[in-house]
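Read off the chains here:
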Amino acid sequence: MEVGFLGLGIMGKAMSINLLRHGFKVTVWNRTLSKCDELVEHGASIGETPAAVIKKCKYTIAMLSDPSAALSVIFDKDGVLEQISNGKGYIDMSTVDDDTSLKISEAIKAKGGDFLEAPVSGSKKPAEDGQLVILAAGDKALYDEIVPAFDVLGKKSFYLGEVGNGAKMKLVVNMIMGSMMNAFSEGLTLAERSGLNPATLLDVLDLGAISNAMFKLKGPTMLKNSYSPAFPLKHQQKDMRLALALGDENAVSMPVAAAANEAFKTARSLGLGDLDFSAVHETLKALDHST
Ligand SMILES: NC(=O)C1=CN([C@@H]2O[C@H](COP(=O)(O)OP(=O)(O)OC[C@H]3O[C@@H](n4cnc5c(N)ncnc54)[C@H](OP(=O)(O)O)[C@@H]3O)[C@@H](O)[C@H]2O)C=CC1
Ligand SMILES: O=CCCC(=O)O
């Protein structure tokens, strides 16, 4: 199967290498074109523009930072709309809001193309290992056609119906994750400040009802103040912001998520946006020097 791939950040690079490893022919494009070179070493071809990738490939996947990036590759010069047409499918796996997804869907369908949104749960390592959880919505026929690629990229795919449902599901999941990360960080700080060994806290948490993969993965590195980015903090804050907007629309009060968003904003203002989202821990530590 031949696919195009737009966006070779942390996730896009891992996902496209994974597709190549499983025998897919992949044509890649990235805004910073030099990032395509490493993919060529893995067997990819380069498309000079999003339009060139769409022209060449029946199916194109995108994995871009945020709504503005996702819209830009569609509507800007040399963008997707210039070449999308009947018989071609566009699958946007970026985390965006439902309005953005709907705008993209309408523009693509107006040109005769098919559209699927398919944001993912799981980070850099699951992307490398093909263990993502895919939250797809949109054209069911396109979903059925692209399942062989989803089977390589993920351990489970959900088809959630109309466009917007994938985006909303992803934002709800990440809103919970961002809130949990802040509670976890407060707990680690509280344990340390009150004279407990935070490493023992990790062991205790792991044996109880709130044991989870995130605490297990991030806890040890947070205790070492090590925040090499798997999921950049700036993207987690974007997801909190979009989830809070979804809460506004639906009159859902989310004080916990709002507080977590403030912590991520503070972390960004401290220059931590490109570190892993667990670096929000530094913000809480910085606030915790009173005696
Ligand atoms: N990292 C993670 O753990 C996960 C991330 N996600 C989501 O996946 C998406 C990608 O995340 P990730 O790979 O971590 O992010 P990165 O920041 O590593 O990569 C972002 C990508 O978007 C491109 N980009 C940014 N702005 C533009 C623009 N205006 N026009 C064109 N391309 C642009 C970047 O290009 P360039 O190289 O030129 O900057 C790069 O390819 C995000 O929506 C994120 O929320 C979802 C699940 C997990
Ligand atoms: O959007 C990022 C999600 C990261 C994860 O699910 O571990």
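Per UniProt, the protein has the following entry under Sequence similarities (unreviewed entry): "Belongs to the HIBADH-related family. NP60 subfamily." What the UniProt record of the protein gives under Function (unreviewed entry) is the line "Catalyzes the NADPH-dependent reduction of glyoxylate to glycolate as well as succinic semialdehyde (SSA) to gamma-hydroxybutyrate in vitro. May function in redox homeostasis and play a role in oxidative stress tolerance by detoxifying glyoxylate and SSA generated in glycolate metabolism and GABA metabolism, respectively."

Draft legend 1. Layout of the UniProt feature "domain: 3-hydroxyisobutyrate dehydrogenase-like NAD-binding" (unreviewed entry) in the protein. The UniProt record annotates "domain: 3-hydroxyisobutyrate dehydrogenase-like NAD-binding" (unreviewed entry) at residues 164-281. With 70% helix and 0% strand, the stretch residues 164-281 has end C-alpha atoms that lie 32 Å from each other.

Draft legend 2. Geometry of the site of ligand 2. By nearness alone, every residue bordering ligand 2 is listed as Ser121, Gly122, Ser123, Lys170, Asn174, Met177 and Phe231. In this structure, Lys170 approaches ligand 2 through a side-chain N or O atom, which is 2.8 Å from an oxygen atom. Here Asn174 contributes a side-chain N or O atom positioned 2.8 Å from an oxygen atom of ligand 2. For ligand 2, the accessible surface in isolation is 250 Å², of which the surrounding protein chains cover 81%. Of the residues that make up the shell around ligand 2, three or more belong to each of domain 1 (2-162) and domain 2 (168-287).

Draft legend 3. The nonpolar core, seen in detail. Counting residues in each nonpolar core, the largest one holds 34 residues, and the members touching the most others are Phe5, Met15, Leu19, Ile91, Met93 and Phe150. Put simply, the parts of the chain that give this core at least two residues each are β1 (2-6), α1 (10-21), β2 (25-29), α2 (36-41), β4 (59-62), β8 (132-138) and α7 (140-153). With seven residues, the single largest contributor to this core is α7. Ignoring any residue separated from it by four or fewer positions in sequence, one finds Leu19 in contact with Val3, Phe5, Phe24, Val26, Ile61, Ala149, Val152 and Leu153. If you look at the next biggest cluster of nonpolar residues, it comprises 27 residues, including Met214, Met222, Leu244 and Ala260.

Draft legend 4. Spatial organisation of the site of ligand 1. Taken together, 27 residues lie near ligand 1, and Asn30, Thr32, Lys35, Ser123 and Ala230 sit nearest. A distance of 2.6 Å separates an oxygen atom of ligand 1 from a polar atom in the side chain of Lys35. In this structure, Lys238 approaches ligand 1 through a side-chain N or O atom, which is 2.7 Å from an oxygen atom. Out of a free accessible area of 900 Å², ligand 1 has 89% covered by protein chains. At the level of elements, α1, α4 (67-75) and α11 (233-249) are the ones that each hand at least two residues to the shell around ligand 1.

Draft legend 5. Examining a nonpolar patch on the surface more closely. A cluster of nonpolar side chains, contributed by Leu33, Val40 and Ile46, occupies part of the molecular surface with about 200 Å² of accessible area. Inspection of the secondary structure assignment puts Leu33 in the loop between β2 and α2.

Draft legend 6. Highlighting the UniProt feature "active site" (unreviewed entry) in the protein. This chain's UniProt record puts "active site" (unreviewed entry) on Lys170. Mapped onto the elements, Lys170 comes out in helix α8 (residues 165-193). The class for Lys170 is buried, based on a relative accessible area of 6%.

Draft legend 7. Molecular detail of the packing of α1 against α7. The geometry of α1 relative to α7 is characterised by a closest axis approach of 9 Å and an angle of 110° between their N-to-C directions. Comparing the axis directions of α1 and α7 gives the class roughly perpendicular. Along this stretch, α1 crosses α7, giving a crossing that reads as right-handed. Residues Met15, Asn18 and Leu19 of α1 touch α7, and the partners they reach there are Ala149, Val152 and Leu153. For the contact of α1 with α7, the per-class residue count stands at five nonpolar, one polar and no charged.

Draft legend 8. Quick peek at the pairing of strand β6 (residues 114-117). The pairing of strand β5 (residues 89-92) with β6 spans four bridges and is classified as parallel. Each bridged residue has a counterpart across the sheet, and for Ile91 the counterpart in β6 is Leu116. Regarding topology, helix α5 (residues 98-110) serves as the crossover connection from β5 to the parallel β6, and that connection is right-handed. Relative to β8, β6 is paired through two bridges, and the arrangement is antiparallel.

Draft legend 9. View of the pattern of salt bridges. Applying the stated rule across the entire model yields 10 salt bridges. With a shortest N-O distance of 3.1 Å, Lys13 and Glu38 are connected by a salt bridge. Here the residue Lys13 occupies a position in helix α1, and Glu38 occupies one in helix α2, the gap between them amounting to 25 residues. Assessed through its relative accessible area of 34%, Glu38 is described here as partly exposed. Here Lys265 and Glu262 are joined by a salt bridge, their closest N and O atoms 3.0 Å apart. Taken together, the residues span about one helical turn, with Lys265 and Glu262 both in helix α12 (residues 255-269) at a distance of three residues. For Lys265, a relative accessible area of 37% gives the class partly exposed. Note on Glu262: relative accessible area 43%, which makes it partly exposed.

Analysis parameters
Residues numbered from 1 in each chain as written. Chains lettered and ligands numbered in written order. Predicted model: local features only at pLDDT ≥ 70, side-chain atom pairs only at ≥ 80, totals over all residues. Heavy atoms only, no water. UniProt positions renumbered as here; feature names shortened; annotations may be inferred. Helix = DSSP H or I, 4+ residues; strand = E, 2+ residues; numbered from the N terminus. Near = heavy atom within 4 Å. Polar contact = N/O pair within 3.5 Å; in protein donor to acceptor, adjacent residues only side chain to side chain. Areas by Shrake-Rupley, 256 points an atom, 1.4 Å probe, with all protein chains shown as cover. Domains from an automatic or database assignment. Core = buried A, V, L, I, M, F, W, Y, C linked by side-chain atoms within 4.5 Å. Buried < 20%, exposed > 50% of the residue type's maximum accessible area, 1.4 Å probe, protein only. Contact = heavy atoms within 4.5 Å. Patch = residues over 30% accessible without salt bridge, like charges linked within 9 Å, V, L, I, M, F, W, Y side chains within 5 Å. Salt bridge = Lys/Arg side-chain N within 4 Å of Asp/Glu carboxyl O. Axes fitted to C-alpha atoms, helices over the stretch in contact; angles between N-to-C directions. Parallel < 35°, antiparallel > 145°, perpendicular 65-115°, else oblique. Left-handed = near helix turned anticlockwise from the far one by under 90°. Nonpolar A, V, L, I, M, F, W, Y, C, P; charged D, E, K, R; others polar. Pairing = 2+ DSSP bridges. Right-handed = clockwise from strand over helix to strand, strands pointing away.

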